[in-house]
Amino acid sequence: MTTPLRSLSTLTAGQAKPDTPVKIAVTGMNFFYGATQALSDISIALNANLVTAFIGPSGCGKSTFLRTLNRMNDIIPGTRVEGTVTIDGKDIYGPGTDVVDLRRRVGMVFQKSNPFPKSIFENVAYGLRINNLATNRGELEGRVEESLKAAAIWDEVKDRLQASALALSGGQQQRLCIARALAIQPEILLMDEPASALDPIATQRIEELIYQLKRDYTIVIVTHNMQQAARVSDATAFFWLGGLVEYGPTETIFTNPAEKLTEDYVTGRFG
Amino acid sequence: MERHVRHFQEELDELKGRLLEMGGLAEDRLRLAVRGLVERDGPLVEKVLVGDAAINQLHIDIDDRCFKLLALHQPMAVDLRAIVAAVKINTDLERVGDLAVNISEAVRRYLQHPPVKELIDIPRMAELAQDMLRDALDAFVRRDPELAQHVLTQDDALDELKTAVFRELLGYMLRDSATIEPALDLILISRHLERIGDHATNVAEDVIFMVSAKDVRHQ
């Protein structure tokens, strides 16, 4: 299936919203786990201050692709990337890239919330401390509060900042992890199934948060939940068998997709 | 790629079946009303006047099905367009049923007078309106945007006939005031037939939207 998908991805590559600046540009990406090719010839331009959703059936490569955007796959032995990924025009796989700095600029939130076994305060303060982003206690506390507010969890935790983060509910833990990611002021936020382990109310909070955060961040979200993609994203990319089948404004993908494959997937005829 | 018929698809097919049933009923009632006029058959017209319940019931049932399908399945793309189209087509077909009743009421009054003239253009209008309605529903079933487009082109002919009917009857009314009452009813009937053509046009536009996602209204 590689051959038709190559042409499809070439046809539909480009930006979803041509009038918005491009934040991340990917050209001709191939990705391998050892001898297995997981992504073929992905070219896509992700717009700044928009929410872009990656959808597709399990194993289609959407999470793998997400993780190439802050080089999280580097830590998996035997992986190999071809092609280029630029953020603000600079190749993140080029020589001289500081991967730690890259991951500071491109934050990530995972499917399963993973707070440190520390206090709520320390979870958010940690990244600020190791990056020397606060010069004194007052500034540190200010940044922690700001981040917790931005992640819409401040009101729920402000009276118990020294309590263990592990005592929070799943939805609160996930928002704490978002606060932790925001504390170090990234430009891009990658979210890998951020609400799939949450109940509907916690999910709604996260979705509302995503909507608010896009003013300040470029957000990329992987989701299995198509309704969620439809609700939260501005642009949607549909992946299938390691290829990018279609990419465009979310509205178009869910009301009138150009590709039959996309239509079959979003209408639930396969996947 | 795995393909399976899901119960959503079955319910969507069922919904389309109900719409067709409703379209068939609306068509029947229009045909009877016009036949009552042409053949001056009072009892036939009375049948149309009492038999609106089935269409009304379908109107409610179809809306209810659409509402549930939207709420429970959150359909996307072509399925979403099909259900939105069904909601609109449902309203149009119900209005066609109402107009058949309006025509019957006018025919009932008209039959109390001697004929104003031999009817030529009104049966022609009725035939055209019925063709448009049937073609629009066929286009819906066969998902055929070309047939739907054909319906749109027919609407002008219907409008022209309505204008011709009005002019001709105006002449009769000016010449003989005794014809005013029945002639006004014929003008009303032509107006209702023209409205039925408009509803058929709406259905055809919805079919085009459903199949190709193009909004061709108001062009």
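**Let's talk about the overall build of chain B**
- The helix and strand tally for chain B stands at seven helices and zero strands.
- Secondary structure elements of chain B, listed N to C terminal, follow the sequence α-α-α-α-α-α-α.
- In terms of principal-axis extent, the alpha carbons of chain B reach across some 70 × 35 × 20 Å.
- Split into buried and exposed, the 219 residues of chain B put 48% on the buried side.
- Partitioning the intrachain contacts of chain B with sequence separation of at least 6 by distance along the chain shows that 83% fall at a separation of at least 24.
- Accessible surface, chain B as shown: approximately 10,600 Å² in total, 53% of it carbon and sulfur.

**Focus: the environment of Gln154 of chain B**
All names here are of chain B.
- Secondary-structure assignment places Gln154 in helix 6 (residues 145-175).
- Separated by 96 residues in sequence, Gln154 and Leu58 place their C-alpha atoms 28 Å apart.
- Here Gln154 is in contact with Leu128, Met132 and Asp135, once residues within four sequence places are set aside.

**Things to note about the sheet that holds strand 2 (residues 36-47) of chain A**
- Strands sit in the order 2-1-4-5 (chain A) across an open sheet of four strands; the sheet is antiparallel. Looking along the sheet, the strands with just one partner apiece sit at the ends: strand 2 and strand 5 (90-91) of chain A.

**Considerations on helix 5 (residues 137-150) of chain A**
Residues and elements named next belong to chain A.
- Between its first and last C-alpha atoms helix 5 spans 20 Å; for 14 residues at 1.5 Å apiece the expected length is 20 Å, and the two agree.
- Regarding helix 5, the residues found buried are Leu140, Arg143, Val144, Ser147 and Leu148. Seen from one end, helix 5 has its buried residues packed into an arc of 130°, which puts them on one side.
- Taken together, the buried residues of helix 5 touch helix 4 (120-130), helix 6 (154-157) and helix 7 (170-183).

**Details of helix 1 (residues 7-38) of chain B**
- A rise of 1.5 Å per residue sets the reference length of helix 1 of chain B, with its 32 residues, at 46 Å; its end C-alpha atoms lie 47 Å apart and thus fit the reference within 8%.
- Once helix 1 of chain B ends, the next one or two residues include Arg40 of chain B, with phi positive near 50°.

**What about the interface of chain B and chain A?**
- Contacts between the two partners involve 16 residues from chain B and, on the opposite side, 17 residues from chain A.
- Both faces considered, chain B and chain A share a buried interface measuring about 1,200 Å² in area, 51% of it formed by carbon and sulfur atoms.
- Our enumeration of links across chain B and chain A arrives at one salt bridge.
- Across the pair Asp79 of chain B and Arg269 of chain A runs a salt bridge whose closest N-O atoms are separated by 2.8 Å.
- Summed over the shared surface of chain B and chain A, the number is five residue pairs in polar contact (both at pLDDT 80 or more).
- Looking at the side of chain B that touches chain A, its residues break down into six nonpolar, five polar and five charged.

**Looking at unusual backbone geometry**
Residue and element names in this part refer to chain A.
- Despite not being glycine, Asn49 has its phi angle at roughly 55°, a positive value.
- Within the secondary structure layout, Asn49 lies in the loop between strand 2 and strand 3 (51-55).
- Taking relative accessible area as the criterion, Asn49 reaches 34% and is therefore assigned partly exposed.

Rules used in this analysis
- Residues numbered from 1 in each chain as written.
- Chains lettered and ligands numbered in written order.
- Predicted model: local features only at pLDDT ≥ 70, side-chain atom pairs only at ≥ 80, totals over all residues.
- Heavy atoms only, no water.
- Helix = DSSP H or I, 4+ residues; strand = E, 2+ residues; numbered from the N terminus.
- Buried < 20%, exposed > 50% of the residue type's maximum accessible area, 1.4 Å probe, protein only.
- Contact = heavy atoms within 4.5 Å.
- Areas by Shrake-Rupley, 256 points an atom, 1.4 Å probe, with all protein chains shown as cover.
- Pairing = 2+ DSSP bridges.
- Expected span 1.5 Å × (residues − 1).
- Arc of directions from axis to C-beta.
- Buried area = accessible area lost by both parts, 1.4 Å probe.
- Salt bridge = Lys/Arg side-chain N within 4 Å of Asp/Glu carboxyl O.
- Polar contact = N/O pair within 3.5 Å; in protein donor to acceptor, adjacent residues only side chain to side chain.
- Nonpolar A, V, L, I, M, F, W, Y, C, P; charged D, E, K, R; others polar.

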